[in-house]
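Geometric and topological summary
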Amino acid sequence: MQVFHEGIQRGKSLESILRQELKDHYSEADVVLTGAIGSTPADVADIVRIAIDEGVLVDDIAAQCDTMLNQQQLVNLIRVSLSERIDPAPIIKRCFAYIPKSQISDLLAHAINNSTPGQIERVLDAAFQALSNEVADPFALVKEGVLRSNAFTVEGIEYAEGVDDLITEIRLQDVLEVLVTEQGASIDEVADADLPPPSPFEPPFSDS
């Protein structure tokens, strides 16, 4: 942090100092990032973008969530990291436990929307792991994130086939809710209507 303070006082830009420090101390990139954020905490988003541009490992970026960032800085770090198309799993696993529950589904949707098709399953798995010890119903939060994302579209479902159980349940619920809205029936009535009719009852000793 002292290096950044002194450099900025001498008129150097945060970006030039950060890039040089990362080149000189790449193996300690997590420490360099902590110093940069500590010196100019309002520049978290720019610091993360520069770090990604310099090839800093995603684990070193995710490690910043264990430092003294406030909630807004955490959200900025997570959102920028997920926007830059780096591996989202370490960010989700390490950082989601620190943010308010009210923001989790939105950030998860953001992660899904910025993932390649093959990453969606890993994103959801990482979210389950991160939330399993933090909330009573992690499935509900993950499900809400999927529903908010572009994955739950006709095209998006094709890319999320790896999470069959989740997508099947969401698709079924969506179908039932649409039918309820259109027909005015209860969900139970619609669900019962989808069941096959019972087999005809043949009394014992029947001649038929």
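Counting of residues starts from 1 at the beginning of each chain's written sequence and follows it residue by residue. Only residues with pLDDT of at least 70 are given local features in this predicted model, and only at 80 or more are side-chain atom pairs given and counted; all residues enter the totals for whole chains, interfaces and linings. Working from all heavy atoms in the structure, the side-chain values ignore hydrogens and water.

A few points about the overall build of the chain
Counting from the N terminus, the helices are the DSSP runs of H or I reaching at least four residues and the strands are the DSSP runs of E reaching at least two. Scanning the chain for helices and strands turns up 13 helices and 0 strands. Counting from the amino terminus, the chain carries its helices and strands in the arrangement α-α-α-α-α-α-α-α-α-α-α-α-α. Counting every position in the chain, which comprises 208 residues, the buried fraction comes to 41%. Between two residues, a contact is recorded if the distance between any of their heavy atoms is within 4.5 Å. Sequence-distant contacts, at least 24 apart, represent 62% of the contacts inside the chain between residues at least 6 apart. Note on areas: Shrake-Rupley with a 1.4 Å probe; residue coverage comes only from the protein chains shown. Accessible area of the chain: about 11,900 Å², with a carbon and sulfur share of 51%. Exposure classes here rest on a 1.4 Å probe applied to the protein chains alone. A residue is buried below 20% of its type maximum, exposed above 50%, and partly exposed in between.

Focus: the nonpolar core
Core analysis: the largest hydrophobic core is formed by 52 residues, its most contacted members being Leu18, Ile61, Leu77, Ile78 and Phe96. Among the elements that make up this core, the one with the highest residue count is helix 9 (residues 120-131) (7 residues). Excluding its chain neighbours within four sequence positions, the residues that come into contact with Phe96 are Ile78, Ile91, Ile104, Leu107, Leu108 and Ala130. For the purposes of this section, nonpolar cores are sets of buried Ala, Val, Leu, Ile, Met, Phe, Trp, Tyr and Cys residues that join through side-chain atoms within 4.5 Å.

Examining the confidence of the model for the chain
Chain-level statistics for the chain give a pLDDT mean of 80 and a share of 72% at 70 or above. Scored between 0 and 100, pLDDT is the confidence that the predictor attaches to each residue. Mean pLDDT across the elements of the chain ranges from a minimum in helix 13 (residues 187-193), with 43, to a maximum in helix 5 (residues 58-62), with 97.

Description of the pattern of salt bridges
When a carboxyl oxygen of Asp or Glu is within 4 Å of a side-chain nitrogen of Lys or Arg, the pair counts as a salt bridge. For the structure on display, the rule yields 8 salt bridges. Across the pair Arg19 and Glu15 runs a salt bridge whose closest N-O atoms are separated by 3.0 Å. Of this pair, Arg19 and Glu15 both sit in helix 2 (residues 14-24), 4 residues apart, which is roughly one turn of the helix. One salt bridge in this structure joins Arg79 and Asp106, with 2.5 Å as the shortest N-O distance. Here Arg79, found in helix 6 (residues 71-83), pairs with Asp106, found in helix 8 (residues 101-113); they are 27 residues apart in sequence, far enough to count as distant. Judged by its relative accessible area of 29%, Arg79 falls in the partly exposed class. Overlapping salt bridges bring together Glu15, Arg19, Asp53 and Glu54 as one network.

Some remarks on the environment of Arg49
For Arg49, the position within the fold is in helix 4 (residues 44-53). Looking at Arg49, the relative accessible area reads 38%, which means it is partly exposed. The sequence separation of Arg49 and Val80 amounts to 31 residues, and the corresponding C-alpha distance is 7.2 Å. For Arg49, the contacting residues outside a window of four places in its chain are Val80 and Glu84.

Structural notes on the state of the cysteines
Cysteine sulfur pairs qualify as disulfides if the two atoms are within 2.5 Å. The full count for this structure, using the stated rule, is 1 disulfide. Disulfide partner of Cys65: Cys95, at an S-S distance of 2.0 Å. Disulfide Cys65-Cys95: the torsion about the S-S bond is 90°, which places it as right-handed. Taken as a pair, Cys65 in the loop between helix 5 and helix 6 and Cys95 in helix 7 (residues 88-95) lie far apart in primary sequence, 30 residues in all. Grouping residues by exposure puts Cys65 and Cys95 together as buried.

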